[in-house]
Amino acid sequence: MTLDSKIPDGPIADKWDNHKFDVKLVNPANKRKFTVIVVGTGLAGASAAASLAELGYDVKIISFHDSPRRAHSIAAQGGINAAKNYKNDGDSVHRLFYDTVKGGDFRAREANVHRLAQVSVNIIDQCAAQGVPFAREYGGMLDNRSFGGAQVSRTFYARGQTGQQLLLGAYQAMMRVVGLGMAELYNRTEMLELVVKDGVACGVVCRNLVSGEVFSLAGHAVVVASGGYGNAFYLSTNAMQSNVTAAWRAHKQGAYFANPCYTQIHPTCIPASDDFQSKLTLMSESLRNDGRIWVPKDSNDARPAHQIPEEDRDYYLERRYPAFGNLVPRDIASRAAKREVDAGRGVGPQKNGVYLDFGAAIDRLGEDVIRDRYDNLFEMYDRITDENPYKMPMRIYPAVHYTMGGLWVDYNLMSNLPGLYVLGEANFSDHGANRLGASALMQGLADGYFVLPYTIGDYLAPLLGKPIVTTSDPAFKAAETKVSEGSKQLLSINGTRSVDDIHRELGKVIWDNCGMARTEQSLTKAISEIPAIRDEFWTNVRVLGSNESMNQSLEKAGRVADFLEFGELMCRDALHRNESCGGHFREEYQTEEGEALRDDENFAYVGAWEWKGVGSDPALHKEQLTFDNVHLATRSYK
Amino acid sequence: MSPANGDAQTTNANMKIKVTVWRQAGPNAQGAFKDYDLDDISPEMSFLEMLDTLNEMLNDRGEEPVAFDHDCREGICGSCGMMIDGVPHGPERGTATCQLHMRKFSSGAHIKIEPFRASSFPINKDLSVDRSAFDRIIESGGYISAPTGTAPDANLIPIPKGVADVSMDAAQCIGCGACVAACPNGAAQLFTSAKLAHLNLMPQGQAERWDRTVNMVDTMESYFGSCTNHGECEAACPKEISIDFIALMNKDFVKAQLKQRRLAGQLFP
């Protein structure tokens, strides 16, 4: 099967407008005849659910949380980009587009990125109208800041809780339509199977997480907005329940998984303290605006930070990248930190971090200004480490944060399975091999508010009057049986190891071999080790309790089972991509200065994998990427 | 070397503690307290990591792990929450359970852990409760109706910084339910008033201000108890949301009664 990206014709700036005119429309009176199932209630899912219901579609919303407001978008701290140019500093749609394509290391689809930049301005309008309490200037206008990797101030924010406020805006819009009876919410419900009949997505099978009841929902279209797969690494900044299950089960039904090796390691997280560590905590990248990153020049320097004089400090980012300094993109900042720590210059009790120092900013601006900007982050740091960052520098280290890969989608955000749409972090489309700071919120909301509501009509319009596959169809019954049997199997193994224990083992293999730096050797090793862990899981995991009640071990077991299959694909993708780009850094492919070395000749494509069964080699499909508007160049932030 | 996945040894002496945990198999099952001894708790652990350790131990010995809600473990999603020694989220002020660390307890401590207690938060299992009544309050009016596509340019409505800041103070609520659990009456005034203040203070929120207030207060009262000004909610709130917002809600509620009558033509403006 060839991948048709359905990119509209015409100049890049006109593609989206032309496309909006060309897509088929569904008559307002007919919209209620179409059922759309939305899986996930983060920024992408909640905004899509609200917008589709407002249009009149019959929307069913699935969230595994107790309340949809808890989706992990809520934890995003820093901000959201938009090409408003409110700062009069030379920003434009084209510049945001350019920065995103370049920042993504030329592995994103130009047309999608341009559309993202175009609708970014509408997102801010929409959110402001919903009452999102963005930061304001004294004159009442919206405030902006510059954010990781950008040379213009285009980031809108709400203290250090931008994700929370944007998500609550989308959640409230969604609860409004739920309250008005225009959408139906299934909370504490997990999607465990995508139902496909005759190659078309026609519904989902779910499990009620309180009662254990397995049931089906049928619809004309299924929208998966279930987030990223960072928890394949066990330790990440993702929430504990974030998982790949919805996307992976769709993949196993035929949806292609694109670029799984593109994983973003965020440079500013609190270093791990011990084995019991259950997750890593991110400190917003906005801290890099005022914080200076350094390590002692001498790896044996045991003095506390404040006793180390300027001349004995190495501000290595400022030294190596004078133009961008501490604001280089995430992948570059992360690898630079790894280089220092690997060379033994790490700081802290485990020597596993670098300093992020606010001393100079506090001297220059005063503690009050810094408090105003970052107080909640400083407090959080203090609570976790018992150290006061106003007095001593923070210790930070990179951690897995965001995953650029995801289910393959065309320009309309539909996967290769007709009827299956994929939004937000769950799809692969807009960030290429590396996402810029404050662009995840932008993409989630762009997909949900301003892309899907237009493109879904094109698929639904011709279905008017055609019957849908009902939940009594054998396809649904078979999927329900599969889900019930799956739970039974997990409960019957009764081995000796907990789900977490095996997950931790998997995560370590993936982090060590497919983390910040990868080699052919490490990846081959991981690919040989993961199946053994998978076998161990299926013969020796211990999941207690029953299926007929709330059972968090069972939920987790299902998700880890998927990571055990997915992790292998991630390594295979990383092994096949014989180049370094963005978040995918192969040590064999680097410049003399240690920067990523792309191979545009052979790898300027999207690698979309087709499932062929457990233990079988997946099939690779390629979507060639063309760069007509941003010329292929080596990224340079010097 | 893999610092993020941590091979390192702890340096601080580990603690021995006893926990007494509420165990309840399901919504309608009979519950009971159970004691567990934990001998090797690092002071660097978060409270939830201590519970993870307990659950590993239980799983090892064939006992079902303790169910508790949690997700982001950064104090922002609002999933976690339990009574720790009778206090929602435990002893540290302005801190959600996931951000509470064991260094706040001493070795030898005996900690009592219960689910949030309120009749409007029925127990699902062990420490997990059903807080969907909060969603019902939000859907009754906790929004500004701005269907996608209708928005004017964001800078068309200037909002004084002070207003945006106070609105943000209120909007920080994470919906964890500690305020309800702390209240002797099981009232949800702090939660409801935080959302009302967030929206009612904003210029964009004015069109629906009075209807929103009446609808949300009515819905709140159908699920939760009444406020008698104990102030426990503010003390328990992990985001330290001020009870001043309750005063604002009460004022708006009284005004809304009059406004509604005016709008209905029952009073001269």
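Not measured: the values here are computed from a predicted model. (Residues numbered from 1 in each chain as written. Chains lettered and ligands numbered in written order. Predicted model: local features only at pLDDT ≥ 70, side-chain atom pairs only at ≥ 80, totals over all residues.)

> Please provide a residue-by-residue account of the overall build of chain A, values included.
Secondary structure summary: chain A contains 16 helices and 19 strands in total. Taken over the C-alpha trace, chain A has a radius of gyration of 24 Å; the compact-globule value for 638 residues is 26 Å, and the two agree within 12%. The principal-axis extent of the C-alpha atoms belonging to chain A is close to 75 × 60 × 50 Å. The contacts in chain A between residues at least 6 apart in sequence include a share of 74% that link residues at least 24 apart. (Helix = DSSP H or I, 4+ residues; strand = E, 2+ residues; numbered from the N terminus. Rg over C-alpha atoms; globule rule 2.2 N^0.38 Å. Contact = placed C-beta atoms within 7 Å.)

> Describe the domain arrangement of chain B, listing the residues and the values that go with them.
Residue and element names in this part refer to chain B. Parsing chain B into structural domains produces domain 1 (12–125) and domain 2 (131–144 + 152–263). Every contact between the two is made by 18 residues of domain 1 and, on the other side, 16 residues of domain 2. Its residues placed into classes, the side of domain 1 that touches domain 2 shows 9 nonpolar, 8 polar and 1 charged. (Domains from an automatic or database assignment. Nonpolar A, V, L, I, M, F, W, Y, C, P; charged D, E, K, R; others polar.)

> So, the pairing of strand E6 (residues 189–197) of chain A: which residues are in play, and what are the values?
Residues and elements named next belong to chain A. Across the 9 residues of E6, 8 count as buried, placing the element largely inside the fold. By the bridge criterion, 8 bridges tie E6 to strand E7 (residues 200–208) in an arrangement that is antiparallel. Looking at E7, one finds that Thr189 is bridged to Asn208. In this antiparallel pair of consecutive strands, E6 and E7, the connection spans 2 residues, and Asp198 shows a positive phi of 50°. (Buried ≥ 20, exposed ≤ 12 C-beta atoms within 10 Å, placed from the backbone. Pairing = 2+ DSSP bridges.)

> Explain the nonpolar core to me, using residue names and the numbers behind them.
Generally speaking, a soluble globular protein has its nonpolar side chains buried in company with each other. Residues and elements named next belong to chain A. The biggest cluster of nonpolar side chains holds 288 residues, and the ones touching the most others in it are Met174, Val223, Val224 and Leu407. With 12 residues, helix H15 (residues 552–576) is the largest single contributor of residues to this core. For Val224, the residues in contact, after removing those within four places along its chain, are Val39, Gly40, Ala246, Ala247, Ala250, Leu407, Leu420, Val422 and Ala426. (Core = buried A, V, L, I, M, F, W, Y, C linked by C-beta atoms within 7 Å.)

> Residue-level account of the sheet that holds strand E4 (residues 87–88) of chain B, with values.
Residue and element names in this part refer to chain B. The 5 strands lie next to each other as E2-E1-E5-E3-E4, forming an open sheet whose pairing is mixed. Since the sheet does not close on itself, it has two edges, and those belong to strand E2 (32–41) and E4, each with one partner. Sitting on the sheet, helix H1 (residues 47–60) touches strand E1 (15–23) and E2, and the angle it makes with E2 is about 100°. (Axes fitted to C-alpha atoms, helices over the stretch in contact; angles between N-to-C directions.)

> A description of helix H2 (residues 132–139) of chain B should follow, citing residues and the corresponding values.
Within H2 of chain B, 6 of the 8 residues are buried, which leaves it mostly tucked inside the rest of the structure. Turning to H2 of chain B, its buried residues are Ala133, Phe134, Asp135, Ile137, Ile138 and Glu139 of chain B. Elements that come into contact with the buried residues of H2 of chain B comprise helix H5 (162–179) of chain A together with helix H5 (189–201) and helix H6 (209–223) of chain B.

> Can you tell me about the domain arrangement of chain A, naming the residues and giving the values?
All names here are of chain A. Domain boundaries in chain A define domain 1 (265–400) and domain 2 (474–601). Placing the centre of domain 1 and that of domain 2 at their C-alpha centroids yields a distance of 30 Å. Each side of the interface is counted separately: domain 1 has 6 residues, and domain 2 has 4 residues. Broken down by element, the residue count for the side of domain 1 that touches domain 2 peaks at 4 residues, all from helix H8 (residues 330–342). Classifying every residue of the side of domain 1 that touches domain 2 by side-chain character gives 2 nonpolar, 1 polar and 3 charged.

> Lay out the interface of chain B and chain A with the relevant residues and their values.
Contact residues are listed per partner, giving 77 residues for chain B and 80 residues for chain A. Looking at the side of chain B that touches chain A, the elements that each hand over two or more residues are H1, strand E6 (123–125), H2, helix H3 (161–171) and H5 of chain B. For the side of chain B that touches chain A, the element with the highest residue contribution is H1 of chain B, accounting for 6 residues. Looking at the side of chain B that touches chain A residue by residue, the class counts come to 29 nonpolar, 31 polar and 17 charged.

> Talk me through the sheet that holds strand E1 (residues 35–39) of chain A; I want residue IDs and the actual numbers.
Residues and elements named next belong to chain A. In spatial order, the strands read E5-E2-E1-E9-E17; together these 5 strands make up an open sheet with parallel pairing. Whereas interior strands pair on both sides, the edge strands pair on one side only; in this sheet they are strand E5 (183–186) and strand E17 (420–422). Neighbour to neighbour, the strand axes of the sheet diverge by 20° on average, direction disregarded. Two strands pair when backbone bridges link them, and strand E9 (residues 221–224) and E17 are joined in this way by 3 bridges, in the parallel orientation. Bridge pairing links Val222 to Leu420 in E17. The sheet strands contacting helix H2 (residues 43–55) are E1, strand E2 (58–62), E5 and E9, and the helix crosses E1 at an angle near 165°.

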